[in-house]
Amino acid sequence: MGSKTRANTLKQFALNIREVPEAALFSHVSPDGDCLGSMLALGIALESMGKKVSYYNTSPLPDNLKFLPGIERISRSIPEDLPANLIFIDCAEADRVDSHLVNNCLPTRTIFNIDHHISNTLYGTYNYVDVTAAATGEIIYSLLRELKISITKEIAINLYTAIITDTGRFSYSNTTAKSFKIAAELVKTGIDLVAINNILFERKSLAQIRLLHKALSNLVLLKDGSIAVIVLSKEDFAETSAEENLSEGLVNYARNIEDVEAAVLLKELDNDEIKVSLRSNSWLDVNKVASKFGGGGHIRAAGCTINLPLSEATQSVVLALEEALKHGRNN
Ligand code: AMP
Ligand code: MN
Ligand code: MN
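Below, the structure is looked at part by part. (Residues numbered from 1 in each chain as written. Chains lettered and ligands numbered in written order. Predicted model: local features only at pLDDT ≥ 70, side-chain atom pairs only at ≥ 80, totals over all residues. Heavy atoms only, no water.)

## Digging into the site of ligand 1
- Residues in close proximity to ligand 1 total 13 residues, the closest being H117, K275, S277, R279 and G296.
- In the environment of ligand 1, a nitrogen atom lies 3.2 Å from a nitrogen or oxygen atom belonging to the backbone of G296.
- H298 is positioned such that a nitrogen or oxygen atom in its side chain is 3.2 Å from an oxygen atom of ligand 1.
- Bound to the protein, ligand 1 loses 87% of the 480 Å² it would expose on its own.
- Sorting the residues of the shell around ligand 1 by element identifies strand 10 (273–280), strand 11 (296–297) and strand 12 (301–306) as the ones contributing at least two each.
- No other element matches strand 12, which puts four residues into the shell around ligand 1.
- Class assignment for the residues of the shell around ligand 1 results in three nonpolar, seven polar and three charged. (Near = heavy atom within 4 Å. Polar contact = N/O pair within 3.5 Å; in protein donor to acceptor, adjacent residues only side chain to side chain. Areas by Shrake-Rupley, 256 points an atom, 1.4 Å probe, with all protein chains shown as cover. Helix = DSSP H or I, 4+ residues; strand = E, 2+ residues; numbered from the N terminus. Nonpolar A, V, L, I, M, F, W, Y, C, P; charged D, E, K, R; others polar.)

## Brief notes about the coordination of the manganese ion (ligand 3)
- Coordination of the manganese ion (ligand 3) by the protein involves D34 (OD), D90 (OD), H116 (NE2) and D166 (OD), with metal-donor separations of 2.1 to 2.4 Å.
- Ordering the donors of the manganese ion (ligand 3) by residue number gives the pattern D-x55-D-x25-H-x49-D.
- Between the manganese ion (ligand 3) and the manganese ion (ligand 2), a separation of 3.5 Å is found, and both are coordinated by D90. Of the two residues, D90 is situated in the loop between strand 4 (85–89) and helix 3 (99–104) and H116 in the loop between strand 5 (110–115) and strand 6 (126–129); the sequence distance between them amounts to 26 residues.
- Residue class for D90 comes out buried when judged on its relative accessible area of 1%. (Donors = N, O, S within 2.8 Å, 3.2 Å for Na, K, Ca; no water. Buried < 20%, exposed > 50% of the residue type's maximum accessible area, 1.4 Å probe, protein only.)

## Some thoughts on the pattern of salt bridges
- All chains considered together, the criterion is met by twelve salt bridges.
- With a shortest N-O distance of 3.2 Å, E146 and K11 are connected by a salt bridge. Taken together, the residues span a long stretch of sequence, with E146 in helix 4 (residues 136–146) and K11 in helix 1 (residues 10–18) at a distance of 135 residues.
- On the basis of relative accessible area, E146 is assigned to the partly exposed category, the value being 24%.
- Owing to a relative accessible area of 53%, K11 belongs among the exposed residues under this scheme.
- One salt bridge connects E239 with K214, and the closest N-O pair in it is separated by 2.6 Å. In this pair, E239 sits in helix 9 (residues 234–240) while K214 sits in helix 8 (residues 206–218), placing the two residues 25 residues apart along the sequence. (Salt bridge = Lys/Arg side-chain N within 4 Å of Asp/Glu carboxyl O.)

Put into structure tokens, the structure is as follows:
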């Protein structure tokens, strides 16, 4: 697939960023390795250029990302007196950060939008959206090169994390030769690959294993095994003492079952607040399905939040997946 409209070239985007004396950086709610790693790498680079930088994420940060260099600089609450320039990283829509911010600050600020989601709405004053990038981290790498920033170990750890999380360790269909090339450059800085891999993918807390047990026992197959569904209720999280973000990756257990095309994980964050993760294996466009519920993402990985009771949300999503599968590959 080709690039989505690039409202700006990377060169132009870099020139505009170079002019900025101070910036506030934002990444999306329910943060992942790509949004945090990309935000920190860019922030560290901008600081090395002498700029004043602040970092925001309104969600709790996952424990397994707390090793990222610079993570202690991220604030959870967004102040009213933000600088004139805001940089949104890995956010398909501005309200993936915070709806208050969107309603109150955005109209009066210059917004830089750096992302790789196919559903990106080009909400920025300047937009650089490359849907062929496997991770926003790849874009940040190219941007830093454009800005002639030397890649320090701190930056490399953040960008390597961004790339290996969004590519599933170079295994998802978004992985390209460029992903490997950039990773190779990052590895040259001497980062500890084994340690990073262990922290991100191998080491699990007991609560996480208990949540996995719940998820697997709740897994059901529908429509001749073409749809796999995992539902996690508030009680499941309470009984396992697991935070919501420990469910990262669980949807892959559903997707990995042979003959499954569509996999979905529904998490009850609160009453009538259901976070949905959608995945497909070979042809179904789950970005389209997520967009029916006001969400978005990529063709093989997308998400949305549904404000309905858990059972109704599950029914609606399953129905939408059945419809999409019924319409087949040509729609
Ligand atoms: P997740 O299932 O949370 O791992 O998300 C899969 C992909 O969909 C990621 O690229 C997310 O950024 C994107 N995504 C998840 N939820 C939403 C949403 N509500 N709106 C737009 N994109 C989303
Ligand atoms: Mn992300
Ligand atoms: Mn991403």
